[in-house]
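As a plain string of letters, each chain reads:
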Amino acid sequence: MKKRDFLKTGLLGIGALIMPKKSQALEFYPMPSDKKWAVLFGTWCGTARDAGVWISEGMDGIAQVYDVREKPDLSSYDHIIIGSAIRSNEIHPLLKEYLEENRSVIEGKVRGLFAVCGNMMQPVEKEQYDAFIGYQLSPLTGAYDVPAMVFLGRITWGLMEPDVRDRMQQIPGMVEYDNLKRPECMAFGKQVREAAGRG
Ligand SMILES: Cc1cc2nc3c(=O)[nH]c(=O)nc-3n(C[C@H](O)[C@H](O)[C@H](O)COP(=O)(O)O)c2cc1C
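This section reports on the structure supplied with the text. (Residues numbered from 1 in each chain as written. Predicted model: local features only at pLDDT ≥ 70, side-chain atom pairs only at ≥ 80, totals over all residues. Heavy atoms only, no water.)

1. A look at unusual backbone geometry
The backbone phi angle of Asn119 is positive, close to 50°, even though this residue is not glycine. Relative to the helices and strands, Asn119 resides in the loop between strand E5 (110-117) and helix H5 (126-141). Given the relative accessible area of 22%, Asn119 is considered partly exposed. The phi angle at Met120 is positive, at roughly 50°, despite the residue not being glycine. (Helix = DSSP H or I, 4+ residues; strand = E, 2+ residues; numbered from the N terminus. Buried < 20%, exposed > 50% of the residue type's maximum accessible area, 1.4 Å probe, protein only.)

2. Comments concerning the site of the ligand
Taken together, 21 residues surround the ligand, and among them Thr43, Thr47, Ile86, Asn89 and Arg154 come closest. Note that a nitrogen atom of the ligand is positioned 2.9 Å from one of the backbone N or O atoms of Ser88. Arg154 places a polar main-chain atom, nitrogen or oxygen, 2.7 Å from an oxygen atom of the ligand. When the ligand sits alone it has 640 Å² of accessible area, and the protein chains cover 86% of it. The pocket occupied by the ligand, as judged from atoms lying within 2 Å of grid points, is the largest pocket. Those elements giving two or more residues to the shell around the ligand turn out to be helix H2 (47-58), strand E3 (79-87), E5, strand E7 (154-155) and helix H6 (162-169). No other element matches E3, which puts three residues into the shell around the ligand. Residues belonging to the shell around the ligand are distributed by class as follows: eleven nonpolar, eight polar and two charged. (Near = heavy atom within 4 Å. Polar contact = N/O pair within 3.5 Å; in protein donor to acceptor, adjacent residues only side chain to side chain. Areas by Shrake-Rupley, 256 points an atom, 1.4 Å probe, with all protein chains shown as cover. 1 Å grid on protein atoms, 1.4 Å probe; cavity = no way out; pocket = protein on both sides within 12 Å on 5 of 7 lines; lining within 4 Å. Sits in = over half its atoms within 2 Å of the grid points. Nonpolar A, V, L, I, M, F, W, Y, C, P; charged D, E, K, R; others polar.)

3. A few points about the packing of H2 against helix H7 (residues 182-195)
It is at 6 Å that the axes of H2 and H7 come closest, and there the two elements cross at 55°. Taken together, the axes of H2 and H7 are oblique relative to one another. Considering only the axes of H2 and H7, their crossing is right-handed. Facing Ala51, Trp54, Ile55, Glu57 and Gly58 of H2, the residues of H7 in contact are Arg182, Cys185, Met186, Phe188, Gly189 and Lys190. Of the residues belonging to the contact of H2 with H7, the class tally is six nonpolar, two polar and three charged. (Axes fitted to C-alpha atoms, helices over the stretch in contact; angles between N-to-C directions. Parallel < 35°, antiparallel > 145°, perpendicular 65-115°, else oblique. Left-handed = near helix turned anticlockwise from the far one by under 90°. Contact = heavy atoms within 4.5 Å.)

4. Focus on the nonpolar core
Counting residues in each nonpolar core, the largest one holds 25 residues, and the members touching the most others are Leu40, Leu74, Ile82, Leu95, Leu99 and Leu137. At the level of elements, strand E1 (37-42), E3, helix H3 (93-101), E5 and H5 are the ones that each hand at least two residues to this core. Residues within four places of Leu137 in sequence aside, it is in contact with Ile82, Ile91, Leu95, Leu99, Leu113, Phe114 and Phe132. Counting 20 residues, the second-largest nonpolar core is a separate cluster that includes Ala51, Ala85, Phe114 and Cys185. (Core = buried A, V, L, I, M, F, W, Y, C linked by side-chain atoms within 4.5 Å.)

5. Details of the side chain of Gln136
Of note, Gln136 is situated in helix H5. For Gln136, a relative accessible area of 14% corresponds to the buried category. Among the polar contacts made by the side chain of Gln136, one reaches the main-chain amide nitrogen of Ile91 at a distance of 3.0 Å. Not counting residues up to four positions away in its chain, the partners in contact with Gln136 are Asn89, Glu90, Ile91 and Ala131.

6. As for H7
For the α-helix, the turn length of 3.6 residues means that residues three or four positions removed from each other point alike. For H7, which comprises 14 residues, the first-to-last C-alpha distance of 20 Å matches the rise-based estimate of 20 Å (1.5 Å per residue) to within 8%. Elements that come into contact with the buried residues of H7 comprise E1, H2, E3, E5 and strand E6 (148-152). Backbone geometry just after H7 places Gly197 at a positive phi near 80°. (Expected span 1.5 Å × (residues − 1).)

7. Some points on H3
For H3, the set of buried residues is Leu95, Tyr98 and Leu99. The buried residues of H3 occupy one face: seen down the axis, they fall within an arc of 95°. In this structure, the buried residues of H3 make contact with E1, E3, strand E4 (90-91), helix H4 (103-106) and H5. (Arc of directions from axis to C-beta.)

This is the structure we're talking about:
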């Protein structure tokens, strides 16, 4: 390699290292809309991501869907839906951190809240709404009077951190399951959009 080419390649490499990575929405099928919608989720194993994508589908695909690990800049969005997977009765710590740091950006724009939990495969009741929405997502977002949904999620051993999987597999009766329902997520997306005046 010539010295000049070597230097150029080296500089490009360094540039790639120092350039901040732009956050990317899951742009599967964003549809045109005069208002900008975003779904932001926190997940460990992907259930809350699928819920987010299906919620957007229920809104005819107008919402862009972001993983909180991308630390997206949501300042240009008009309407935001926020949701989290649950572990040990708590929302994802990175989502909590993001909401605390970006409270001023999201405040007044949150149109819907959701959580995804296992609930030992039992139907969701008021207790789960209180624990995940009432005591966590609402106070963190300032959104109290918006549509909210707690979905049943799933367990996939192959996606779990090995130490967590080992611990989970010690729990009597714990099996892989999948209780997240696409139609329920889509219906929630539709409900949120309608409650916001179709945005
Ligand atoms: C370590 C661990 C702890 C969990 N804790 C709870 C819990 O406290 N309450 C609950 O209802 N579900 C709990 N679940 C079930 C998850 O909420 C469920 O698997 C959900 O679908 C995970 O979403 P994710 O795939 O987006 O991470 C737990 C799951 C794991 C692996």
